[in-house]
Amino acid sequence: YSEVFQKAAEQPGAFSPALAAICLCLFIGAMGKSAQVPLYVWLPDAMAGPTPVSALIHAATMVTAGVYMVTRCNVLFRLAPEVMLFVAVIGCFTALFAGTIAVAQNDLKRILAYSTISQLGYMFLACGVGAFSVGMFHVMTHACFKACLFLGAGSVMHAMSDDLDLRHMGGLRAKMPITYWTFLAATLAIAGIPPFAGFFSKDAILASSFEAPGLGKLLWFVGLFTAGLTAFYMFRIVSLTFFGQFRGTKEQAHHVHESPTSMTLPLVVLGILSVVVGWLGLPAVFG
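What you see is a predicted model, and the numbers here were worked out from it, not measured in a lab.

### Things to note about the overall build of the chain
So, step 1. A tally of helices and strands in the chain yields 15 helices and 0 strands.
So, step 2. Relative to the compact-globule value of 19 Å for 287 residues, the chain shows a C-alpha radius of gyration of 20 Å, a close match.
So, step 3. Judged by the C-alpha coordinates and their principal axes, the chain covers about 70 × 40 × 35 Å.
So, step 4. Residue burial in the chain is summarised as follows: out of 287 residues, 53% are buried.
So, step 5. Long-range contacts, defined here as pairs at least 24 residues apart, represent 82% of the contacts in the chain between residues at least 6 apart.
So, step 6. About 12,300 Å² of surface is accessible on the chain, with carbon and sulfur atoms providing 71% of the total.
So, step 7. In the chain, 15 positive and 12 negative side-chain charges are present, and the distance between their average locations comes to 5 Å.

Structure representation (structure tokens):
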């Protein structure tokens, strides 16, 4: 890194086709790794794996590697503003595109998978408008609430005898209180409701987009609309899963129960983090 960045710093300020090509190739790698349009189709299919694995690699560690790489190479990307605009547009479009797909799904984990793609788009939008630290802040807050949501989905799956169809659920709030409250906290966080974690990082991304020259206002508007979509499909999950009448079979209704402590304890820890981790952004807010 240090050697490459040193060389990049010695470049003249004018447009460099070679540097633009390098940054574009780096970003195409990040598009595949971080499931951006059009290289996003593998991530929902990967949801077939065990839920704790989904919670780890699809919320916190693996898919965010592309965002980290772009952030780490910000020295190069800043010298290629045309590529940064491309990063912002791809990220913004991915956030909207995956959000619209999530609205129409009925499989609990699949909705969360498309939600992850949408949030990764947000992170690239931040990188594309030059707010690299804000993008990494969203990586961190997203890791907490999305891991909580995935593990909450695993808890529901455990109670529902491995059935993930939202149309077969309902009224689980009374029988699964810990799962319900932690899932609700994470939902409020991803929906960007203050003072939960997602509010601070999403708000910072939208503010950075709004201040960006050129297409900034358009990117901001699409990002704002996508935030509304996110709130819609997440509260759709909460209402269909935890409220109303139970719509599954009698056998499932008899089997529904709260998960053991080994499953609920991580949920409680991540639920608390979904509330407080965004407060790390407060010093920046207060200057």
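The rest of the description comes next.
### What to know about the environment of Ala80
So, step 1. Along the chain, the position of Ala80 falls in the loop between α6 (74–78) and α7 (81–103).
So, step 2. Once the C-alpha coordinates of Ala80 and Leu19 are considered, the two residues, 61 residues apart in sequence, prove to be 6.8 Å apart.

### Quick word on unusual backbone geometry
Glycine aside, residues mostly have negative phi angles, and peptide bonds mostly take the trans form.
So, step 1. In the segment running from Val37 into Pro38, the intervening peptide bond is cis, with an omega of 5°.
So, step 2. Looking at the secondary structure, you find Pro38 in the loop between α2 (17–33) and α3 (42–45).
So, step 3. Of note, the amide linkage connecting Pro194 to Pro195 takes the cis form, showing an omega dihedral of 5°.
So, step 4. In this fold, Pro195 is placed in the loop between α10 (177–190) and α11 (197–211).
So, step 5. Phi is positive for Ala35, which is not a glycine, with a value near 55°.
So, step 6. By the secondary structure assignment, Ala35 is in the loop between α2 and α3.
So, step 7. Of note in the backbone geometry, Ser161 takes a positive phi value of approximately 55° without being a glycine.

### A few points about the state of the cysteines
So, step 1. With the rule as written, the count across this model stands at 0 disulfides.
So, step 2. Cys92 takes part in no disulfide bond, and the closest cysteine sulfur, belonging to Cys127, lies 13 Å away.
So, step 3. Its relative accessible area of 4% is what places Cys92 among the buried residues.
So, step 4. In this structure Cys148 is not part of a disulfide, and its nearest cysteine sulfur, from Cys144, lies 9.3 Å away.

Cut-offs used in this document
- Throughout, residues of each chain are indexed from 1 in the direction in which the sequence is written.
- Restriction of local features to residues with pLDDT of at least 70 applies here, the model being predicted, together with a cutoff of 80 or more for giving and counting side-chain atom pairs; totals for whole chains, interfaces and linings are based on all residues.
- Water and hydrogen atoms play no part in the side-chain values, which are based on all heavy atoms of the structure.
- Comment: elements are numbered from the N terminus, with helices defined as DSSP H or I runs of at least four residues and strands as E runs of at least two.
- Just to be clear, the radius of gyration here is over C-alpha atoms, and the globule rule we use is 2.2 Å times residues to the power 0.38.
- Accessibility here uses a 1.4 Å probe with only protein chains present; expressed as a share of the type maximum, an area under 20% marks a residue as buried, one over 50% as exposed, and anything in between as partly exposed.
- When checking whether two residues touch, look at their non-hydrogen atoms; a contact exists if any pair is within 4.5 Å.
- Throughout, the Shrake-Rupley method with a 1.4 Å probe supplies accessible areas, and for residues the shown protein chains are the sole cover considered.
- By the counting scheme adopted, Arg and Lys are positive, Glu and Asp are negative, and His together with the chain ends is not counted.
- Where a charge lies is defined by one atom per residue type, namely NZ (Lys), CZ (Arg), CG (Asp) and CD (Glu).
- Only a pair of cysteine sulfur atoms within 2.5 Å qualifies as a disulfide here.

Limitation: the analysis is restricted to geometry and does not speak to function.
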